[in-house]
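Fold and geometry: a report
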Amino acid sequence: MKKFFFLLTLGFSVLFAAELNIYSARHYDADFEIIKKFEQQTGIKVNHTQAKASELIKRLQLEGDNSPADLFITADVSNLTEAKNSGILSPVRSDFLEQNVPAHLRDADNQWFAITKRARIIAYNKNAKTDISGLKNYEDLAKPEFKGKIVMRSATAPYSKTLLASIIANDGEAEARKWAKGLLDNLATNPKGGDRDQARQVVAGEAEFAVMNTYYIGLLKNSKNPKDVEVGEALGIIFPNQDGRGAHINVSGIAMTKASKNQAEARKFMEFMLTPEVQKMLSDSNYEFPVRSDVEVSQTVKDFGVFKEDSISVSKIAENVKTAVKIYDELGFR
């Protein structure tokens, strides 16, 4: 009997001694709440390291097989693509993940899976009587009549890379180059800051249109800063290409590292991120769109509006990121 209790106790010790190491480029409060919930439900201790995606990718490369990291989490398909091309990720086979992450929202080789979606839209000031009739598609941003009216993030920003990569995938490289040149000519100011900064410029009258992600509008509307709330409330949304392919979708994604020493625990966490409860937590806290279609979203997200998404595979977009960077560089688009 004593031997039985010893083995039982040892079993529980092993169970609760399990650990998981996550390298994450996401910096959202909900992610910590999700980790805490995972620890409570599974007894698996999670060590969470945060830094920029580029820093974490470089770190994983330098650490090689000795890396303690089991999972890599980041926003934007360009970062996920860089990680894959760096040889630091491992394919994951999971019926649960494949059933709940649509094929166009995961890597073709199952090296990463989307956990949230973001729509890249065109925002304007609803209070400024802005004429939006001529701006229905991304391609319209390059028209001469919008010269000096547009702001967006720098060409080095991941969101800018993937937007151009999506245009390459849909329209071809030649047309995408023309678009990038036209957009560069139409900028009201040199790119500076993040999406919320572009939104503030539009409401301040420094530009008429901002290319940005929907979830930043949610963050502005729900900010503790009254001035940011005013900006968020003033913004109208144009979902581009609704008569064609639909609005460009980017993602945050999760991947298992090649160096993972805790693969079972890593797969369990990946699947945990795609459960309805956690999908709702991700959406409610950061105003992103859930990957699962059966998750009820907050009123803030509902207020963005119903729209048609571009269903092109994000892997297809990822294939064109390098070309997008080359085009921006050749045009002097910084």
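In what follows, the structure referred to is the one given above.
Here's a quick rundown of the structure. (Residues numbered from 1 in each chain as written. Predicted model: local features only at pLDDT ≥ 70, side-chain atom pairs only at ≥ 80, totals over all residues. Heavy atoms only, no water.)

Some details on the packing of aromatic side chains
For clarity, the cut-off: When the centres of two rings from Phe, Tyr and Trp lie within 6.5 Å, Trp using its six-membered ring, the rings pair. Their planes under 30 degrees apart give stacked, over 60 give edge-to-face, and anything left gives tilted. Only DSSP runs of H or I with at least four residues qualify as helices, and only runs of E with at least two residues qualify as strands; both kinds are numbered from the N terminus onward. Using a 1.4 Å probe on the protein chains alone, a residue whose accessible area is under 20% of its type maximum counts as buried, one over 50% counts as exposed, and one in between counts as partly exposed.
Applying the stated rule across the entire model yields 9 aromatic pairs. Aromatic pair Phe-38 and Phe-269: ring centres 4.9 Å apart, planes at 80°, arrangement edge-to-face. Of this pair, Phe-38 sits in helix 2 (residues 29–42) while Phe-269 is found in helix 11 (residues 263–273), placing the two residues 231 residues apart along the sequence. Residue Phe-38 is classed as buried on the basis of its relative accessible area, which comes to 0%. Its relative accessible area of 2% is what places Phe-269 among the buried residues. Plain terms: the ring middles of Tyr-328 and Phe-333 are 5.0 Å apart, the flat faces sit at 75° to each other, and that makes the pair edge-to-face. Judged by its relative accessible area of 1%, Phe-333 is buried.

Remarks on helix 6 (residues 158–171)
Basically, it comes down to this: Expected helix span is given by 1.5 Å per residue-to-residue step, counting one fewer step than there are residues.
Taking 1.5 Å as the rise per residue, helix 6 with 14 residues should run 20 Å; its terminal C-alpha atoms sit 20 Å apart, in good agreement. Of the positions making up helix 6, those classed as buried are Tyr-159, Ser-160, Thr-162, Leu-163, Leu-164, Ala-165, Ser-166, Ile-167 and Ile-168. The first or second residue beyond helix 6 is Gly-172, which carries a positive phi of 95°.

Considerations on the side chain of Asn-286
For clarity, the threshold we go by: A 3.5 Å cut-off defines polar contacts: any pair of N or O atoms within that distance qualifies, except that in protein one atom must be a possible hydrogen donor and the other a possible acceptor, and neighbouring residues in sequence count only when both atoms are side-chain atoms. Whether two residues touch is decided by their heavy atoms; if any such pair falls within 4.5 Å, the residues are in contact.
Here Asn-286 lies in helix 12 (residues 276–286). Assessed through its relative accessible area of 2%, Asn-286 is described here as buried. One polar contact links Asn-286 to Glu-288, side chain to side chain, over a distance of 3.1 Å. Setting aside residues no more than four positions away along its own chain, Asn-286 makes contact with Tyr-28, Arg-118, Tyr-215 and Leu-219.

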